[in-house]
Amino acid sequence: MHPFIIDPKGNLFVDLGTATNACEEKNRVPNSPGRQPCTEKETRGGTWRYDANKTDQKFSAAERYASGIRNGEGFAIDATGRLFVTQHGRDQLAEDWQQFYKGQIGSNLPAEEIVRLEQGHDYGWPECYFDGFQKKLVLAPEYGGDGGKKVGVCATRTPPVAFFPAHWAPNDLLIASNLALPAVYREGAFVAFHGSWNRAPAPQEGYNVVFQPMNDGKAAGKFIVFADGFAGPIKEPGRAAFRPSGLAQGPDGAIYISDDLHGRIWRVTYHGGPNAVLAAAPASQVHATSSSAALPPEGVHPDAGLEGAVTLPTPPGATQAEVMLGSRIYHGQVSNGTCAGCHGSDGKGSPVGADLTAGTWLWSDGSLEGLTKTISQGVATPKKHLGAMPPLGGSPLSAADLKAVSAYVWSIGHPQ
């Protein structure tokens, strides 16, 4: 990505996002070490500065302002002139380094960040990532890290000024200063989160706008969810109704939120006194009117309601029970399955994972045996998509699990 901002002095700051996940020798392949040195960092992974009043400027390392930023998306300047940017954190700690990260711990690392940009500073990528549990930069496994214990060169890198849950995808940043807003909002930062695609087996999250209180350029307390509900009932890239992407402020203090799925823009205005307190968006609630020990009429079978799994075709050599188990693995409900993170819960694919429902097979003939082999071996060099698939999808699947999830993939690719 190449978002940019121009400061009052006429400096144009532009991001150059990285081409890889963590500068691995083989991108997104399990246990692949990082390149030494990471030559990609010479021309990517940072912020470059130019003169907004000149033409014919040339790209070179001389214009690099700051480095170690994997994908800086949302720029903002506060009232004192300090420059900030959000960062999309790296992926696949758990999938590629199972010996260090287990289950949902891997899904919740690394934290998303806001960094204060200062000339010459290095913010850690690819050697480091920010551990939100420990609240510090730690060494990435591609560069000798061991799951968060080793710090190494990360002790010399610049940590963020605020951080958020992993994989929420912070696309834009707004530091509001208009006097029409309550005082408590004037120094803080609004962040538009585009929403995750790869938190499996944990639920996908983000798809909202949060407000982070700030003081003197640093986080001052916990963030609140400022606006929510954009995604509708399903928080997933391919099925969300809307995904927040951009933020802007009008001269009257109104805050504008843009969506990049359907081109919708929301206008949020404030009506009230100047001393209002922070108030989070209301959480959705289900109100129970009574309780009873009686079972529901449909029973309590764990596979009830699973996308019509009982009506899916069964591949030769498998059973309907295996197809149903495979559905639960695919959707991350058992065995820490990660399939839906890339291929979508409906199997219709994403930019990083193929459509499994189209009946078009890239690596086999589509038979149960062929699919089993592909899932078992993984896909190190994809033909048409951005994301490599580690063996077994990066999940600790047993032989029975492998057969079951292969049967489910076969079934959604061979609809009746």
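Throughout this document, residue positions are counted from 1 along each chain, in the order its sequence is written. Per-residue local features of the predicted model are confined to residues with pLDDT of at least 70, and side-chain atom pairs are confined, for both listing and counting, to 80 or more; whole-chain, interface and lining totals are unaffected and use all residues. To get the side-chain values, all heavy atoms of the structure are used, and hydrogens and water are removed first.

The next thing to look at is the side chain of His 194. Here a helix means four or more residues in a row that DSSP labels H or I, a strand means two or more in a row labelled E, and each is numbered from the N terminus. With respect to the secondary-structure elements, His 194 resides in the loop between β12 (189-193) and β13 (208-212). We call two residues in contact when some of their heavy atoms are within 4.5 Å. For His 194, the residues in contact, after removing those within four places along its chain, are Trp 168, Ala 169, Asn 171, Tyr 207, Arg 243, Pro 244, Ser 245 and Asp 260.

Our next topic: the nonpolar core. Counting residues in each nonpolar core, the largest one holds 21 residues, and the members touching the most others are Ile 329, Tyr 330, Val 405, Tyr 408 and Val 409. Among the secondary structure elements, those contributing two or more residues to this core are α3 (320-330), α5 (368-377) and α6 (399-413). A total of 8 residues in this core trace back to one element, the largest contributor, which is α6. The definition of a nonpolar core used throughout is a set of buried Ala, Val, Leu, Ile, Met, Phe, Trp, Tyr and Cys residues joined through side-chain atoms within 4.5 Å. When accessible area is computed with a 1.4 Å probe and restricted to protein chains, residues below 20% of their type maximum are described as buried, those above 50% as exposed, and intermediate ones as partly exposed.

Low-confidence regions, as indicated by low pLDDT, have predicted coordinates that should not be scrutinised in detail. As a per-residue quantity, pLDDT reports the predictor's confidence and falls between 0 and 100. Here the protein shows a mean pLDDT of 88. Residues at 70 or above account for 93%. The model gives residues 285-309 a pLDDT under 50, and that stretch makes 18 contacts with residues more than four places away or in other chains.

Moving on: the packing of aromatic side chains. Here the aromatic set is Phe, Tyr and Trp, taking the six-membered ring for Trp, and pairing holds for ring centres within 6.5 Å; pairs whose planes are under 30 degrees apart are stacked, those over 60 apart are edge-to-face, and all others are tilted. Enumeration over the complete set of coordinates arrives at 17 aromatic pairs. Judged by centre distance (4.9 Å) and plane angle (75°), the rings of Phe 190 and Phe 226 are edge-to-face. Of this pair, Phe 190 sits in strand β12 while Phe 226 sits in strand β16 (residues 224-227), and the two are 36 residues apart along the sequence. The exposure classification of Phe 190 matches that of Phe 226, with both residues buried. Grouping aromatic residues by their ring pairs yields a cluster made of Phe 164, Trp 168, Phe 193 and Phe 223.

In this section: α5. Residues of α5 that are buried: Leu 368, Gly 370, Leu 371, Thr 374 and Ile 375. The buried residues of α5 occupy an angular sector of 165° when projected down its axis, which confines them to one face. What points out from α5, more than 90 degrees from its buried face, is the exposed set Glu 369, Lys 373 and Gln 377. Looking at the buried positions of α5, the neighbouring elements they touch are α6. Phi for Gly 378, located one or two positions after α5, is positive at around 80°. Directions pointing from the helix axis toward each C-beta atom define the arc.

A pair of packed helices can be characterised by two numbers: the angle between their axes and the separation between those axes. Axis definition: a line fitted to C-alpha atoms, over the contacting stretch in the case of helices. Angles run 0 to 180 degrees between N-to-C directions. The N-to-C vectors of α3 and α6 enclose an angle of 95°; their axes lie 7 Å apart at closest approach. Taken together, the axes of α3 and α6 are roughly perpendicular relative to one another. The segment α3 lies against α6, with Glu 322, Val 323, Leu 325, Gly 326, Ser 327, Ile 329 and Tyr 330 engaging Asp 401, Lys 403, Ala 404, Val 405, Ala 407, Tyr 408, Val 409 and Ser 411. Classifying every residue of the contact of α3 with α6 gives 9 nonpolar, 3 polar and 3 charged. Roughly parallel here means an angle under 35 degrees, roughly antiparallel means over 145, roughly perpendicular means 65 to 115, and every remaining angle is called oblique. Put simply, Ala, Val, Leu, Ile, Met, Phe, Trp, Tyr, Cys and Pro go in the nonpolar bin, Asp, Glu, Lys and Arg in the charged bin, and everything else, Gly too, in the polar bin.

Bringing unusual backbone geometry into the picture now. Both trends apply: most residues other than glycine have a negative phi, and most peptide bonds are in trans. A cis geometry characterises the amide bond from Gln 36 onward to Pro 37, with omega recorded as -5°. Inspection of the secondary structure puts Pro 37 in the loop between β2 (11-16) and β3 (46-51). Note the cis peptide between Leu 109 and Pro 110, where omega equals -10°. Here Pro 110 lies in the loop between α2 (103-107) and β7 (112-117). In this structure, Ala 169 takes a positive phi of about 70° despite not being glycine. Overall, Ala 169 belongs to the buried group, its relative accessible area being 10%.

Next up on the list: the packing of α5 against α6. Relative to each other, α5 and α6 sit at 120°, their axes nearing to 9 Å. Here α5 lies oblique to α6, going by the angle between them. In this structure, α5 meets α6 at a crossing whose hand is right-handed. Where α5 abuts α6, its residues Leu 368, Leu 371, Thr 372, Ile 375 and Ser 376 lie against Leu 402, Lys 403, Val 405, Ser 406, Ala 407, Val 409 and Trp 410. Looking at side-chain class alone, the contact of α5 with α6 contains 8 nonpolar, 3 polar and 1 charged residues. Each crossing gets its hand from how the near helix is turned against the far one by less than a right angle, where anticlockwise is left-handed and clockwise is right-handed.

Attention shifts here to the pattern of salt bridges. Note on definitions: salt bridges are taken to be side-chain nitrogens of Lys or Arg within 4 Å of carboxyl oxygens of Asp or Glu. Scanning the entire structure with this criterion turns up 12 salt bridges. One salt bridge in this structure joins Lys 403 and Glu 322, with 3.5 Å as the shortest N-O distance. Taken together, the residues Lys 403 in helix α6 and Glu 322 in helix α3 connect sequence positions 81 residues apart. We classify Lys 403 as partly exposed; its relative accessible area is 33%.

Cysteine sulfur atoms are paired as a disulfide whenever they come within 2.5 Å of each other. Taken as a whole, this structure holds 2 disulfides when the rule is applied. Across the disulfide, Cys 23 is cross-linked to Cys 38 (sulfur-sulfur distance 2.1 Å). Where Cys 23 bonds to Cys 38 through sulfur, the torsion about that S-S bond is close to 105°, and the disulfide is right-handed. Residue Cys 23 is located in the loop between β2 and β3, and its partner Cys 38 is located in the loop between β2 and β3; the two are separated by 15 residues in the primary sequence. On the basis of relative accessible area, Cys 38 is assigned to the buried category, the value being 9%.

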